[in-house]
Amino acid sequence: MDTLSHALWGYGLFGYKRYPWAAIFFGAMPDLISFGIFLLINITTGNWYFGKPALESIPDWLFLSYSVGHSFIICLPIIYCVYRFNRALAMAMLAWPFHIVLDFPFHSKAFFATPIFWPISDFKIDGIPWTHWYIWYPNILFLSILLIYRFRKR
């Protein structure tokens, strides 16, 4: 799914009461620590172009950071540690595993399937890419309904 949608889902589900910016950040963070950094590097070096990069042009570190950010094995213990000291912040951080839940069925093995149990296992499924209209439009519809609901409840 696109990073903006992840951020908005994070806000709508986990940041509407407290720590909205944390929920937005953790909703987008798995993509930011991989493709976000890659985008910044490409912009600063003048190598940026619009569209999906070719797999052979992606550096090895990005695959590692993608796996770290998209693993329940990594995120759940971190959130649990935060929960022991700050329950409200841990609630906002649940946007991180929700990001993984959204990515898992909507990334194909052709381009960054989600390694939910990394580093214990490299298990991935060949999902339906989120760019297909029958995934993209319902995402926008349900995200809009959620955000309208949250803003009206205020």
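Quick caveat, the model's predicted, so the values are computed rather than measured.

Calculation notes
Residues numbered from 1 in each chain as written. Predicted model: local features only at pLDDT ≥ 70, side-chain atom pairs only at ≥ 80, totals over all residues. Heavy atoms only, no water. Helix = DSSP H or I, 4+ residues; strand = E, 2+ residues; numbered from the N terminus. Contact = heavy atoms within 4.5 Å. Axes fitted to C-alpha atoms, helices over the stretch in contact; angles between N-to-C directions. Parallel < 35°, antiparallel > 145°, perpendicular 65-115°, else oblique. Left-handed = near helix turned anticlockwise from the far one by under 90°. Nonpolar A, V, L, I, M, F, W, Y, C, P; charged D, E, K, R; others polar. Core = buried A, V, L, I, M, F, W, Y, C linked by side-chain atoms within 4.5 Å. Buried < 20%, exposed > 50% of the residue type's maximum accessible area, 1.4 Å probe, protein only. Phe/Tyr/Trp six-rings, centres within 6.5 Å; stacked < 30°, edge-to-face > 60°. 1 Å grid on protein atoms, 1.4 Å probe; cavity = no way out; pocket = protein on both sides within 12 Å on 5 of 7 lines; lining within 4 Å. Points joined across faces, edges and corners; volume = space filled by probe spheres on them.

Draft legend 1. Focus on the environment of M93. Its place among the elements puts M93 in helix α5 (residues 87-93). With 35 residues separating them in the primary sequence, M93 and I128 have C-alpha atoms 26 Å apart. Look past the residues within four positions of M93 in its chain and what remains in contact with it is F26, I78, I79 and V82.

Draft legend 2. Fine view of the packing of helix α1 (residues 3-14) against helix α6 (residues 95-103). Where α1 meets α6, the closest approach of the two axes is 9 Å, and the angle between their N-to-C directions is 125°. Judged on the interaxial angle alone, α6 and α1 are oblique. Remark: the crossing between α1 and α6 carries right-handed chirality. Where α1 approaches α6, its residues H6, W9, G10, L13 and F14 are matched on the opposing element by A95, F98, H99, L102 and D103. When the residues that make up the contact of α1 with α6 are grouped by side-chain class, the tally is six nonpolar, three polar and one charged.

Draft legend 3. The arrangement of the nonpolar core in detail. Among the nonpolar cores identified, the biggest contains 16 residues, and F26, F72, C75, I79, W96, I100 and I116 are the most heavily contacted of them. Counting residues per element, the ones that place at least two in this core are α2 (20-45), α4 (72-83), α5 and α6. Per element, the largest residue contribution to this core is four residues, and it comes from α2.

Draft legend 4. Spatial organisation of the packing of aromatic side chains. On inspection of all chains with the given rule, the structure shows 15 aromatic pairs. Ring centres of F26 and W96 lie 6.1 Å apart, and the angle between their planes is 20°; this geometry places the pair in the stacked category. One end of the pair, F26, is in helix α2; the other, W96, is in helix α6, and 70 residues separate them in sequence. The two residues F26 and W96 agree in class, both being buried. One aromatic cluster is present, formed by F35, F63, Y66, F111 and F112 through successive ring pairs.

Draft legend 5. Focus on the layout of surface pockets. The computed volume of the largest pocket comes to approximately 940 Å³. Forming the walls of the largest pocket are 28 residues, and the residues nearest its centre are F35, G51, K52, P53 and F111. Top contributing element to the lining of the largest pocket by residue count: α2, with seven residues.

Bear in mind that shape data such as this cannot, by itself, settle questions of function.
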